[in-house]
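Below are the chains, spelled out letter by letter.
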Amino acid sequence: MSGVQPENSTGRGGKAVCALLLATSMFALLRPTALHAQETELRGEVSESAILSDQQRKARQLALAAQGQQPANAAQDNAPARTYLPASAGAVPDDADTGDATATGSLFDPPAATDDTSANTAAPPKPRRRSSSARQNAADQAKDRAADKSKKKKKSTADTSDITASTTASTTDATDAAETDADTANRRALTIDSADRQKLDPGAERTDAIEGQKKKLEDDPFAATGIKWGSFVIRPTIEQGLTATSNGDSSSAGKSALLSETALRFSAASDWRENSATIDGYGLFRETVSGYPVHDEQGRIEGQLNVDLDNELRAIAKLGYEAVPESASSPDAIAGVSKQPLRQTIDGSLAVEKHLGKMQYTLTGAVSHDFYGDAKLSDGTSLSQKDQDSTLYTATLRTGYEISPALTPFTEIEVGRRTYDQRIDNEGFERSSTRLGARAGLALDMGEKLSGEFSAGWLREAIDDKNLDAISGATVNADLKWSPERGTIIGLTGRTTVEPTTTSGESGDILYSGRLTGERQIRANLTANAALGLDWRDYIGIDGHDRVLSAEAGLTWWLNRYAGLTTRVRSEKLTSNLPGRDYTANSIFLGVKVQR
């Protein structure tokens, strides 16, 4: 009786071996397909130098093909780039000659195609990855070949230009088109110093030296530079020359003379941050060289201090001193003297300005003291003028309303007192007086174009002595500057002055002075100036008046910033209805002006 036999282990082992063989056979059949799938037209790493060399070769071939010529060195140019050869033989398989008649030798030519993709024919060998040193050597050699080919191309282009000069128009057009394509293909050609000639970042460029930068032109290149002294800048000026005049002392008895004239002027201004101060002065000395004897010395110095206080409050202080001999044409001039008395004046004022919105208030207090020296008579004796010494005290309140920053109308009220050191003069008159005046005007501030102010009103001085008439009359004051164009300044000044006198039976006079000036900068170093003047003196208590007309013109030519030549011509004429006062004076001045 047969029974069931257990499964034999040998049978199970045989089945495992069969499965393993089957898997191995399938893997062997599929492996060639995978290897063949890796064979693509990607040729590995290509350097930029090889691409550039290939483009240049194609451009030359197009140019030569258009001319119908075959380059003699085609074999050399079409030769493929030298590949890396290892030291051991057989490391890289030999290149197969495909024999493709259509191959151009370009780096990008496709591999030869076959009908049977599963054929066992060997595929073209892929380029092997070169070492870093080999790639660097190949790149350097490619650059050298590119430079040599560029030289050959230039020479070939020059020869081609000579040949195409005798060819037909169609051939010339084709050649131009080919050369254009070649230039376009050669734009990316590298040179040895390409890396050194690259443009820098604008932020990294070198800044020019300070000395090489363009200097700003000065508005007035011949203006005085000044001398720095502490916190002030001082600008001194000296003028020396000769004056030829027809009337030495501007009097009815004056005669012609040649005078030596010296003028000293200076101005000083502070450079403080907030407040400011200025000092101005002049001195004039005239001495006879020949002709009518004249000895004249005069001068003035004055200072001003501006201080800004709190709450839009400003203080202005002024102080001055002046020494001037009595003019021979003055109503108080003494006849028959060899030298007129010297009049000295000390004056000062303090003003406080306050701005409340558009309203402006200014309160000014002023003091002026005049004292006279003795007059020297022709016989050598002297005559005292102490009875003319006097002091004038005034207080002025000014109120203005700012219509706009350029226009501010204002009104002024003035009160004052004139007192004489000698209460009763030598003639027995009490000359002290009380002053009262009112004015209205307009202040202008249009920058450099137009600035200043003008006003008109009435002024009266009542003398204490009842036997003398009060000095009263209309007043006109102006100080305007107008610049119609750069380099031209027109000025207009007007002033009304009360002139008391110690002449017996007379109260004094009112003097109206007006002056129109013009200055023109013809060139940077040449300045012209002109002036017209009119003075009118109205005597009080008598029917008398004086009229003075004057005209002046001058030129200043600067040789450099510090020295120049100056000249001026002046004419003055006084006409009066009183006897013995008429005169005419004409003069011309030529001199040198030095400034610092």
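Residues numbered from 1 in each chain as written. Predicted model: local features only at pLDDT ≥ 70, side-chain atom pairs only at ≥ 80, totals over all residues. Heavy atoms only, no water.

A. Highlighting the environment of Gly 283. Structurally, Gly 283 is set in strand β4 (residues 276-291). Residues Gly 283 and Glu 297, 14 residues apart in the sequence, show an inter-C-alpha distance of 7.6 Å. Not counting the four nearest positions on each side in its chain, Gly 283 is found in contact with Thr 262, Ala 263, Leu 264, Gln 298 and Gly 299. (Helix = DSSP H or I, 4+ residues; strand = E, 2+ residues; numbered from the N terminus. Contact = heavy atoms within 4.5 Å.)

B. Representation of the pairing of strand β20 (residues 545-558). A one-sided burial pattern is seen for β20, the buried positions being Asp 546, Val 548, Ser 550, Glu 552, Gly 554, Thr 556 and Trp 558 and the unburied ones His 545, Arg 547, Leu 549, Ala 551, Ala 553, Leu 555 and Trp 557. Where strand β19 (residues 526-540) lies against β20, 13 bridges are found, and the strand directions are antiparallel. The residue of β20 that forms the bridge with Arg 537 is Asp 546. Two successive antiparallel strands, β19 and β20, enclose a turn made up of four residues, where Gly 541 displays a positive phi of approximately 95°. Bridge analysis of β20 against strand β21 (residues 563-576) gives 13 bridges, and the strand direction is antiparallel. Residue pairing in the sheet places Trp 558 in a bridge with Gly 564 of β21. (Buried < 20%, exposed > 50% of the residue type's maximum accessible area, 1.4 Å probe, protein only. Pairing = 2+ DSSP bridges.)

C. Highlighting unusual backbone geometry. Here Ser 250, not a glycine, exhibits a phi torsion of approximately 55°, which is positive. Assessed through its relative accessible area of 22%, Ser 250 is described here as partly exposed.

D. Structural context of the sheet that holds strand β7 (residues 337-339). Strand order in the open sheet formed by three strands is β7-β10-β11, with antiparallel pairing between adjacent strands. Since the sheet does not close on itself, it has two edges, and those belong to β7 and β11 (382-383), each with one partner. With two bridges joining them, strand β10 (residues 375-377) and β11 adopt antiparallel strand pairing. Looking at β11, one finds that Lys 376 is bridged to Ser 382.

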